[in-house]
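# Architecture and fold: a report
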Amino acid sequence: MKECIIEDIVYLKELEKIQKGITFFGSARLKEDNEYYILASKLAQKLADEGYSIISGGGGGIMQAANYGAIQSKASHLKSFGFNIHLPFEQKANDFLEYNITFKSLAIRKMALIQKSLAFVIFPGGFGTLDEFFEILTLKQLSFKKDVPIILVGQKFWHTLDEFIKTSLLELGTISKNDELKYSINDDLDEIIRTIKEKDENSCCNEWGCG
């Protein structure tokens, strides 16, 4: 296990290849005709056209959609990254990766998905997607890269969780006032891109972990 972690840590040096990374999270189970798959693909292509690199977990569903959209861009930079994971069941890397790493350590893989990202775009998903959302939200709450955009795509999917955060958590005092503002919900792709570009242009530090 120790050797696997050391091997994975070495992979982190490869992240220097990423130019202005945007990480996409979302379900691996959504098919190509799903509305969120289509939205993720369109958004990834638009962001790649603007010079951003698209990062995903390298698998199917939303991850595949993001990587597919990225390689449709005519931009010349390295656009489509996948950081996969060895699982007890097979998770095959999708066919739209320009650069792929398969990690053995889930913790190191999470670092790779986070470290070079200027923003996080989170589409509907299951327990894994929720875990990724709350982990990033917690890091933002703790002031690691305070201004990084966390954008949830899919108003009809996310609205009940949004209400839970704004009522049950906020009213009970288990989060602080304004913590509920550390993420946004938006289905307008142009507005999402505008938000990311504004934060990027106004940020003095683009890597996770800068205060």
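To be clear, the structure that these remarks concern was listed above.
All figures in this text were calculated on a predicted structure; none of them were measured in a lab. (Residues numbered from 1 in each chain as written. Predicted model: local features only at pLDDT ≥ 70, side-chain atom pairs only at ≥ 80, totals over all residues. Heavy atoms only, no water.)

Below, the discussion takes up the overall build of the protein. Helices and strands together make up the secondary structure of the protein, namely seven helices and seven strands. Its helices and strands taken in sequence order, the protein reads α-β-α-β-α-β-β-α-β-α-β-α-β-α from the N to the C terminus. Pairs at least 24 residues apart make up 75% of the contacts formed inside the protein by residues separated by at least 6 positions. (Helix = DSSP H or I, 4+ residues; strand = E, 2+ residues; numbered from the N terminus. Contact = heavy atoms within 4.5 Å.)

It is worth spelling out the side chain of Asn94 at this point. Within the secondary structure layout, Asn94 lies in the loop between strand E3 (80-85) and strand E4 (99-103). Among the polar contacts made by the side chain of Asn94, one reaches the main-chain carbonyl oxygen of Gly59 at a distance of 2.8 Å. Once you skip the residues sitting within four places of it in the chain, Asn94 turns out to touch Gly58, Gly59, Met63, Gln64 and Asn67. (Polar contact = N/O pair within 3.5 Å; in protein donor to acceptor, adjacent residues only side chain to side chain.)

Applying the stated rule across the entire model yields 10 salt bridges. Of the charged contacts, one joins Lys110 and Asp131 as a salt bridge, the two residues approaching to 2.6 Å between their closest N and O atoms. With a gap of 21 residues between them, Lys110 in helix H4 (residues 106-115) and Asp131 in helix H5 (residues 127-141) connect regions that are remote in the sequence. Owing to a relative accessible area of 37%, Asp131 belongs among the partly exposed residues under this scheme. (Salt bridge = Lys/Arg side-chain N within 4 Å of Asp/Glu carboxyl O. Buried < 20%, exposed > 50% of the residue type's maximum accessible area, 1.4 Å probe, protein only.)

Attention now moves to the nonpolar core. Among the nonpolar cores identified, the biggest contains 27 residues, and Phe83, Phe103, Ile122, Phe133, Ile150 and Tyr183 are the most heavily contacted of them. Within the residue set of this core, elements represented by two or more residues are E3, E4, H4, strand E5 (117-122), H5, strand E6 (150-152) and helix H6 (155-172). Discounting chain neighbours no more than four positions away, the residues touching Ile122 are Phe25, Thr129, Phe133, Ile150, Ile151, Leu152, Val153 and Trp158. Counting residues in hydrophobic clusters, the runner-up holds 24 residues, among them Ile22, Leu118, Leu189 and Ile196. (Core = buried A, V, L, I, M, F, W, Y, C linked by side-chain atoms within 4.5 Å.)

Within the open sheet, the seven strands sit side by side as E4-E3-E2-E1-E5-E6-E7. Their pairing is parallel. Unpaired on one side and paired on the other, E4 and strand E7 (184-185) mark the two borders of the sheet. Pairing of strand E1 (residues 21-25) with strand E2 (residues 53-56), which is carried by three bridges, proceeds in the parallel orientation. Its bridge partner lying in E2, Thr23 is registered against Ile55. Along the sheet, H4 makes contact with E1, E2, E3, E4 and E5, crossing E3 at roughly 160°. (Pairing = 2+ DSSP bridges. Axes fitted to C-alpha atoms, helices over the stretch in contact; angles between N-to-C directions.)

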